[in-house]
Amino acid sequence: MNTVLEVQHISKNYKRNGRGVEAVADVSLSLRPGEILGIVGESGSGKSTLLRQIACLERADRGRIVLSGTDITGRKTRDICGELQMIFQDSTGSFNPRMKIAASIDETLRNLPGLRGEPVAARREELIHMVGMAPELAGRYPFQLSGGQCQRMAIARALAAEPKVILCDEITSALDVSAQAQIVRLLAKLRRELRLALLFVSHDLALASCLCDRLMVMNGGRCVEEGTSQKVVNNPQNEYTRRLINSVLTVE
Ligand SMILES: Nc1ncnc2c1ncn2[C@@H]1O[C@H](COP(=O)(O)OP(=O)(O)OP(=O)(O)O)[C@@H](O)[C@H]1O
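For clarity, every value in this text was computed on a predicted model and none was experimentally measured.

Hey, could you go over the site of the ligand for me, with residue numbers and the actual values?
Tyr14, Ala23, Ser43, Ser48 and Thr49 are the nearest of the 13 residues found near the ligand. Taken together, the elements giving at least two residues each to the shell around the ligand come down to strand E1 (5-16), strand E2 (19-31) and helix H1 (47-54). In terms of residue count, H1 provides more of the shell around the ligand than any other element does, 3 residues in total. Residue composition of the shell around the ligand, grouped by class: 3 nonpolar, 8 polar and 2 charged.

And the structure:
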């Protein structure tokens, strides 16, 4: 099978107050070029921990991660950033507050082999256009942009590295509904046009099912169900998935 990312039996335990917390327990997944896999589950189910292991921000206790055919288990994040990028919920905080957005994007572009001088500015403008932003907004500092604008710029900066895989950790959670819809449409366009593979972590199952081809449901660090978005939402096999779908806020 043509996969760009293979995660095999990843586990991660933390120690808290002298007790072990099994944040991720024996999770495996695979991702093909141009595919979007949603990882859903309630708070504390292990979604972010799983993504951090895949991005090599932390070392997994057990398991193996293969990116574009290369075993990257235990590598440093900087060694894989040309192939894999991660975008976070707090896009403003992910930028250097003392640098204008353009300078942050240029920094990533200058790390690409063979891209120096004038082509950097041209490529930056192309990326900003790709995420649907006006080029002059790149002349602002992160705090001078709205949350949605900043998240688009974070996507542009991730694209600057020309990755094959982007990990999205709750990237729409801090946005209002219309900004969420814009980001979801943008991600759908980017996967179509660039054949980008995406892992889309969200606690919002309805939103994730609109964007993702497949969904993986996590509970207590484990994958409890996986399948096409349609199948998981319309015909859930697991009791926890059913509860997640039917969960409504009840006030006693
Ligand atoms: N650095 C850490 N040290 C100790 N425990 C941690 C650490 N990071 C995460 N955990 C614990 O691991 C479990 C999984 O956390 P994680 O943040 O991965 O869940 P999540 O599904 O991403 O939740 P949320 O949607 O709220 O971010 C939780 O019990 C959490 O408290």
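Still more to cover.
Run through the pairing of strand E6 (residues 84-87), naming residues and quoting values.
With burial as the criterion, each face of E6 is covered, one bearing Leu84 and Met86 and the other bearing Gln85 and Ile87. Here E6 pairs with strand E7 (residues 165-169) via 4 bridges, running parallel. Opposite Gln85, over in E7, you have Ile166 as the bridge partner.

Lay out the nonpolar core in plain terms, naming residues and giving numbers.
By size, the foremost hydrophobic cluster in this structure holds 69 residues, and its most contacted members are Ala156, Val165, Leu167, Cys168, Leu198, Leu199 and Phe200. Considering each element in turn, this core owes the most residues, 8 residues, to helix H6 (residues 147-160). With sequence-adjacent residues up to four places away left out, Leu167 is seen in contact with Leu51, Ile54, Ala55, Leu84, Met86 and Leu199.

Quick one: what's the story with the sheet that holds E1, residue by residue and with numbers?
Strand order in this open sheet of 4 strands is E2-E1-E4-E5, and the pairing throughout is antiparallel. Each edge of the open sheet carries a strand with a single partner, namely E2 and strand E5 (70-71). Bridging between strand E4 (residues 62-67) and E5 involves 2 bridges; their strand directions are antiparallel. What sits directly across from Val66, in E5, is Asp71.

Rules behind the numbers
Residues numbered from 1 in each chain as written. Predicted model: local features only at pLDDT ≥ 70, side-chain atom pairs only at ≥ 80, totals over all residues. Near = placed C-beta within 6 Å. Helix = DSSP H or I, 4+ residues; strand = E, 2+ residues; numbered from the N terminus. Nonpolar A, V, L, I, M, F, W, Y, C, P; charged D, E, K, R; others polar. Buried ≥ 20, exposed ≤ 12 C-beta atoms within 10 Å, placed from the backbone. Pairing = 2+ DSSP bridges. Core = buried A, V, L, I, M, F, W, Y, C linked by C-beta atoms within 7 Å. Contact = placed C-beta atoms within 7 Å.

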